[in-house]
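Commentary on secondary and tertiary structure
So the chains spell out like this:
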Protein chains: 2
Amino acid sequence: MDVLKEITKRAKTIDGQVMSYLEEGDNMKLNLAVRHYPSAGGKRLRPMMAQVVAQAVGGKGDKAIPFGSALEIIHNFTLVHDDVMDNDSMRRGRPAVHVLFDVPTAIIAGDALFARAFEIITSSDVPPEHINRLIKTTARTVWLIAEGQQEDMDLENIPVDQVAVDDYLKMIYKKTAVLFECAAEGGALIGGGSEEQIRSMKEYARLMGMGFQVWDDILALTGDEKQLGKPVGNDIRNGKRTLIVLHALHTMPRNDPRRAKLMKALGNDKATPEEIKQAIEVLEDCGAVDHARKTAAEYAVKAKEQLECLPPSLEREFLSGVIDFAVGRKV
Amino acid sequence: MDVLKEITKRAKTIDGQVMSYLEEGDNMKLNLAVRHYPSAGGKRLRPMMAQVVAQAVGGKGDKAIPFGSALEIIHNFTLVHDDVMDNDSMRRGRPAVHVLFDVPTAIIAGDALFARAFEIITSSDVPPEHINRLIKTTARTVWLIAEGQQEDMDLENIPVDQVAVDDYLKMIYKKTAVLFECAAEGGALIGGGSEEQIRSMKEYARLMGMGFQVWDDILALTGDEKQLGKPVGNDIRNGKRTLIVLHALHTMPRNDPRRAKLMKALGNDKATPEEIKQAIEVLEDCGAVDHARKTAAEYAVKAKEQLECLPPSLEREFLSGVIDFAVGRKV
């Protein structure tokens, strides 16, 4: 199965559905702001996860589209607010919402997207008690995402060599994995899966999300600049606390001269391209990048084990392929 | 019935309930930020409305407390974000969340409050299909509040004498009345009211909310500075588009010398206290304040008419008293 081709195909159908939910609205400016990120496309992995999981447990994928679209809209709401908070001016090759409009409009647009998402979930074609469960899970998920964003900012105020790997893992679980979890759990519920299948699909998605994020950090250091659409090594310059950096600092002896090289570039917005390059070489050389690759691969193996609760099907195969994509992709 | 005393009594019980919903959370800073406004008290009019309406249609008031608390939490979420957008540094005599912490934490705290609110609604002790309806109505309400905040900002960019009264009324409907509407509609549903009662209670709350806001604008010009806790006439200095100002500018002839006096102070942050005082005198003198008083009184009369769908009860009397409070209060 060509997973990337299947992802692209499914994303196209989902695109139209997501945008159809963002048509209604009285205020021109708010409508434009609300549609700005969702209309820029994306892989639509979260609605796709809900759809495919619903099919894989024996249900109809279409029934999961409203719920999945709501999660995509929530994902976009968090991007709008995150970009304000992090003062990022570009997203998906476009100006950020707060740059194109202004900060107040971006805050409101995020809130409006969030509200619309919950309205969409109530329109799901499933029994009312299942809708309640979807709402409850989604609301708890958004709370955790908010905590994750707060923890991410908290970690930035701790000297990087004092950040514990566990705190980093907890943070990326909340910032990234939890929304995938929610998508898979909801998809399994909508598809009529057993409680055991619901639990396994949730765990599958958590592991996939963790691997996805660790792989993201690897790509940001070792990927192809053109394919990524951003300068390789930006994370070093911004002093981002990634598994790779934490592992390097936790394992390299205090007097290791490579340590000084890494620290010189880390979080130094005046670092030269050569210094950034050297810092990346240190991370490769000390085994930190390999350690992250190994970690991502372990998440992938464990995620695939969770698929054993499913009967054999093309969808199960696709879910397995999604893992290989998440922890092996070049973009 | 001493309405203010009854409001204070009910608010005390509701306080504890609202705060109990904000205890859970992993991140210390976020927990503090989330609890900052709700813990400062307030009149709790929205949960009270849900509670009393549920009783007035013959149901148990306690059943409406989770839903009402969720609306109070949503009200607080909008205050946190509004204060960031309007750059207001004080609220209820305390520093604003974004001042006490920082802007990113305030944005996250608002999002987290919003998420918690929807989780709370799912815990309501009513049939699942009613919970769905509550969620849907609440989600639509928050979308409208977002539109209202956007429209408020849009109006600020239009010369004040070109702002239509209808646009102002539409804006305050969305910013203020819609959340009261939601409280009363939900309360009537939870209390087991008929569809006719649900409609009437919704309309009652809309009219009450409109009157409440118009009265608020009157108070801000003519109230007692000490009781209000803010300088009288701030709205003039900030150039706020209120019914009073719009009516004055729409009815005074172009060459009326009072017009120049008003325009000199309106939106002029360097206006002297004497100039502000003169502008307020113009608004009194030209009949604009009286017109607003009359408008608020009309909303009150119409709101009370909606109570006819209810059987006689202490709660019906209280709902009538709430109207007199909303459009007659001194604070």
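Look up: the structure comes first, before these words.
These notes cover the structure that comes with them.

What counts, and at which threshold
- Residues numbered from 1 in each chain as written.
- Chains lettered and ligands numbered in written order.
- Predicted model: local features only at pLDDT ≥ 70, side-chain atom pairs only at ≥ 80, totals over all residues.
- Heavy atoms only, no water.
- Helix = DSSP H or I, 4+ residues; strand = E, 2+ residues; numbered from the N terminus.
- Rg over C-alpha atoms; globule rule 2.2 N^0.38 Å.
- Buried < 20%, exposed > 50% of the residue type's maximum accessible area, 1.4 Å probe, protein only.
- Contact = heavy atoms within 4.5 Å.
- Areas by Shrake-Rupley, 256 points an atom, 1.4 Å probe, with all protein chains shown as cover.
- Lys, Arg positive; Asp, Glu negative; His and termini not counted.
- Charge placed at Lys NZ, Arg CZ, Asp CG, Glu CD.
- Polar contact = N/O pair within 3.5 Å; in protein donor to acceptor, adjacent residues only side chain to side chain.
- Salt bridge = Lys/Arg side-chain N within 4 Å of Asp/Glu carboxyl O.
- Least-squares fit on C-alpha atoms with pLDDT ≥ 70 in both.
- Phe/Tyr/Trp six-rings, centres within 6.5 Å; stacked < 30°, edge-to-face > 60°.
- Lys NZ or Arg CZ within 6 Å of the ring centre and 35° of its normal.
- Buried area = accessible area lost by both parts, 1.4 Å probe.
- Expected span 1.5 Å × (residues − 1).
- Bend = angle between axes of the 7 residues up to and from the residue.

Moving on: the overall build of chain A. Along the backbone of chain A there are 16 helices and two strands. The C-alpha radius of gyration computed for chain A amounts to 20 Å, which stays within 12% of the reference 20 Å derived for 331 residues, consistent with globular compactness. Overall, chain A is about 65 × 50 × 30 Å in size when its C-alpha atoms are taken along their principal axes. A total of 331 residues make up chain A; the buried ones form 58% of that total. Relative to all contacts within chain A whose residues are 6 or more apart in sequence, the contacts with residues 24 or more apart total 74%. Within the structure as shown, chain A displays about 13500 Å² of accessible surface, and the carbon and sulfur contribution to it stands at 50%. Computed over 43 positive and 49 negative side-chain charges, the inter-centroid distance for chain A is 2 Å.

All names here are of chain A. Turning to its location among the elements, Asp83 is positioned in helix α4 (residues 65–86). Judged by relative accessible area, Asp83 falls into the buried class, the value being 0%. For Asp83, the side chain forms a polar contact with the side chain of Arg91, separated by 2.7 Å. The contact partners of Asp83, leaving out residues within four places of it in the chain, are Tyr37, Asp88, Arg91, Ala96 and His98.

What follows covers the pattern of salt bridges. Applying the stated rule across the entire model yields 50 salt bridges over all chains. Measuring nitrogen to oxygen at the nearest pair gives 2.8 Å for the salt bridge that ties Arg140(B) to Glu24(A). Remark: Glu24(A) occurs in the loop between α1 (3–20) and α2 (28–36) and Arg140(B) occurs in helix α7 (residues 128–156); the pair is interchain, linking two chains. You can call Arg140(B) partly exposed: its relative accessible area is 36%. Of the charged contacts in the structure, one is a salt bridge between Asp152(B) and Lys175(B), with a shortest N-O distance of 2.9 Å. On the criterion of sequence distance, the pair formed by Asp152(B) in helix α7 and Lys175(B) in helix α8 (residues 165–190) is long-range, its members being 23 residues apart. Residue class for Asp152(B) comes out buried when judged on its relative accessible area of 17%. Look at Lys175(B) and you get partly exposed, because its relative accessible area is 27%.

In the superposition of chain B on chain A (RMSD 0.0 Å, axial shift 0.0 Å), the rotation amounts to 180°. In the structure described here, the two chain copies are related by an operation that fits a two-fold rotation axis. Residues of chain B ranked by C-alpha distance from the rotation axis are headed by Pro128(B), positioned 2.7 Å from it. In this assembly the copies share their binding face: 100% of the residues contributing to the interface of chain B also contribute to that of chain A.

Here the structure, examined in full by the defined rule, presents eight aromatic pairs over all chains. Geometrically, the ring pair formed by Phe114(A) and Phe114(B) is tilted, given 3.9 Å between the ring centres and 45° between the ring planes. Here Phe114(A) is found in helix α6 (residues 103–122), whereas its partner Phe114(B) is found in helix α6 (residues 103–122) on a different chain. Phe114(A) sits in the buried class, given a relative accessible area of 0%. Every member of this aromatic cluster is reached through a ring pair, and the members are Phe77(A), Phe114(A), Phe118(A), Phe77(B), Phe114(B) and Phe118(B). The lysine or arginine in question, Arg10(A), covers the ring of Phe318(A), its NZ or CZ lying 5.2 Å from the ring centre. If you follow Arg91(A) out to its NZ or CZ, it ends over the ring of Tyr37(A), 6.0 Å from the centre.

Moving on to the interface of chain B and chain A. Between chain B and chain A, the residue contacts involve 44 residues of the former and 44 residues of the latter. Between chain B and chain A, roughly 4000 Å² of surface is buried when both sides are summed, and carbon and sulfur atoms account for 65% of that area. By the criterion of area lost to chain A, the three top residues of chain B are Ile108(B), Trp143(B) and Gln150(B), representing 17% of everything that side buries. For the pair chain B and chain A, the number of links is eight salt bridges. Remark: the boundary between chain B and chain A carries 14 residue pairs in polar contact (both at pLDDT 80 or more). Going through the elements one at a time, α2 (28–36), α4 (65–86), α6, α7 and α8 of chain B are the ones with two or more residues in the side of chain B that touches chain A. The element best represented in the side of chain B that touches chain A is α7(B), accounting for 17 residues.

A separate point is α8(B). Residues and elements named next belong to chain B. With 26 residues, α8 extends 35 Å from end C-alpha to end C-alpha; this agrees with the ideal 38 Å at 1.5 Å per step. Considering bend angle alone, the principal kink of α8 is centred on Ala177 and spans about 50°. Counting buried positions over the 26 residues of α8 gives 20, a clear majority of the element. The positive-phi residue at the C-terminal boundary of α8 is Gly192, with phi of around 80°.

What follows deals with the side chain of Glu315(B). Mapped onto the elements of the fold, Glu315(B) is located in helix α16 (residues 314–326). Apart from the residues within four sequence positions on either side, Glu315(B) is in contact with Arg10(B), Val52(B), Gln55(B) and Ala56(B).

A word on α2(A). All buried positions along α2(A) are accounted for by Leu30(A), Asn31(A), Ala33(A), Val34(A) and His36(A). Residues of α2(A) that are buried sit in contact with β2 (94–95), α5 (97–100) and α6 of chain A together with α7 of chain B. Capping the start of α2(A), Asn27(A) holds a side-chain oxygen 3.2 Å from the backbone nitrogen of Lys29(A), two or three residues further along.

Once that is clear, we can look at the environment of Asn132(B). Residues and elements named next belong to chain B. By secondary structure assignment, the location of Asn132 is in helix α7. Look at Asn132 and you get buried, because its relative accessible area is 11%. Distance in space between the C-alpha atoms of Asn132 and Ile121 is 9.2 Å, their sequence separation being eleven residues.

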